[in-house]
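# An overview of the molecular structure
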Amino acid sequence: MTVSLPEGQTTATRPGILLRLGGALYRHPGLQLALLLALPLLWFMLVYLGSLCTLLAQSVLTFDDFTMSVSRELTLDNYRQLLSPANLDVVLRTLSMATLVSLASAVMAFPLAYYMVRYARGWQKGFFYVAVMLPMWASYIVKVYAWTVLLAKGGIVYWAYQTLGLQGIVDWLMTLPLIGGNSLTTSNLGRFTVFTYIWLPFMILPIQAALERVPANLLQASSDLGASGAQTFRHVILPLAFPGVVAGSIFTFSLTLGDYIIPQLIGPSGLFIGSMVYTMQGSIGNMPLAAAFTVVPVCIIGLYLLGARKLGAFDAL
């Protein structure tokens, strides 16, 4: 019996093409992967890399201080200006704060993450997960503005210090040159506190994930071989969990490095890289110098990521 095809349809019409296409995708997994990644990669190249290239191009343009306009004359003066004492101070101030916040976050996050993994059970584990994640659900701006009230004189933080009898220590800290200020709200200590609070969850979760992957039999073997708790921590737990610390520091370091809201609302006068970019571009209109400032954290984070990759941090994400 012969089956006739509808008029105009042949064996080489759409069903046949789809079958051949499906067979080609099955035989060539690389083609399948290319089709899946084509749209995201196109978006990445056009939006991210395109914006980055535009930024680099703008950083070598010339800004006329007299006419307050940007010309297309190429120059490296913007990068030379970064080495001036005032601009170098901005970079070093931001870099030191990002480093201190990362170190403090790691010191505070590790014991909490270790307790979550090794000791918390049942509802306790769920409670700690919610407690860590809950601050991330609140608005970033709301949290920062709330801290301006908490750290102000007469706020709950000062009340807690007075109740615990620590008012004298706080007053002494406020007199130190690089730490203190008129109050916690206008001090580097207050700024450091807010930075650490905001980014601490980003350090806890990678450390917790790294500790989850530490085999329990290694800890038992260390104990059977006569190692003390401190020796087990130093030679077994810390080396295996250290990639998680580095992974968390990627977030805390980079987010602090590029932040411009907290330095504007908390702490003494003195620009950070983020606020400097905002000032140069928004207030003065010096887009070339703002772009040159933006290149600084990009280069720092790039070098940081290379070092983190060698330490196995990406495996802990």
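Residues numbered from 1 in each chain as written. Predicted model: local features only at pLDDT ≥ 70, side-chain atom pairs only at ≥ 80, totals over all residues. Heavy atoms only, no water.

Looking at an unreviewed UniProt entry, one finds the protein chain named ABC transporter permease, with Aquitalea aquatica as its source organism. The UniProt entry for the protein chain carries the following text under Subcellular location (unreviewed entry): "Cell membrane". Comment text from UniProt for the protein chain, heading Sequence similarities (unreviewed entry), reads "Belongs to the binding-protein-dependent transport system permease family. CysTW subfamily." (UniProt positions renumbered as here; feature names shortened; annotations may be inferred.)

Attention now moves to helix 6 (residues 140-150). Those residues of helix 6 that sit buried are Lys143, Val144, Trp147 and Thr148. Relative to the axis of helix 6, the buried residues are bounded by an arc of 145 degrees and lie together on one face. Away from the buried face of helix 6 by more than 90 degrees, exposed residues Val142 and Val149 are located. The secondary structure elements touched by the buried residues of helix 6 are helix 5 (123-137), helix 7 (156-163), helix 9 (188-212) and helix 12 (261-265). (Buried < 20%, exposed > 50% of the residue type's maximum accessible area, 1.4 Å probe, protein only. Helix = DSSP H or I, 4+ residues; strand = E, 2+ residues; numbered from the N terminus. Arc of directions from axis to C-beta. Contact = heavy atoms within 4.5 Å.)

Below, the discussion takes up the UniProt feature "transmembrane region" (unreviewed entry) in the protein chain. Cross-referencing UniProt, the feature "transmembrane region" (unreviewed entry) maps to residues 33-57, 90-115, 127-147, 159-180, 192-211, 231-253, 260-281 and 287-307 in the present numbering. End C-alpha to end C-alpha, residues 159-180 measures 18 Å, and it is 55% helix and 0% strand. The annotated region residues 231-253 carries 100% helix and 0% strand content, and the separation between its end C-alpha atoms amounts to 29 Å.

Tracing the backbone through its elements, the reader meets Leu61 in the loop between helix 2 (29-58) and strand 1 (62-64). Look at Leu61 and you get buried, because its relative accessible area is 16%. The spatial distance from the C-alpha of Leu61 to the C-alpha of Asp77 is 8.9 Å, given a sequence separation of 16 residues. The contacts of Leu61, once residues within four sequence positions are left out, are Val70, Ser71, Arg72, Glu73, Leu74, Thr75, Asn78 and Pro288.

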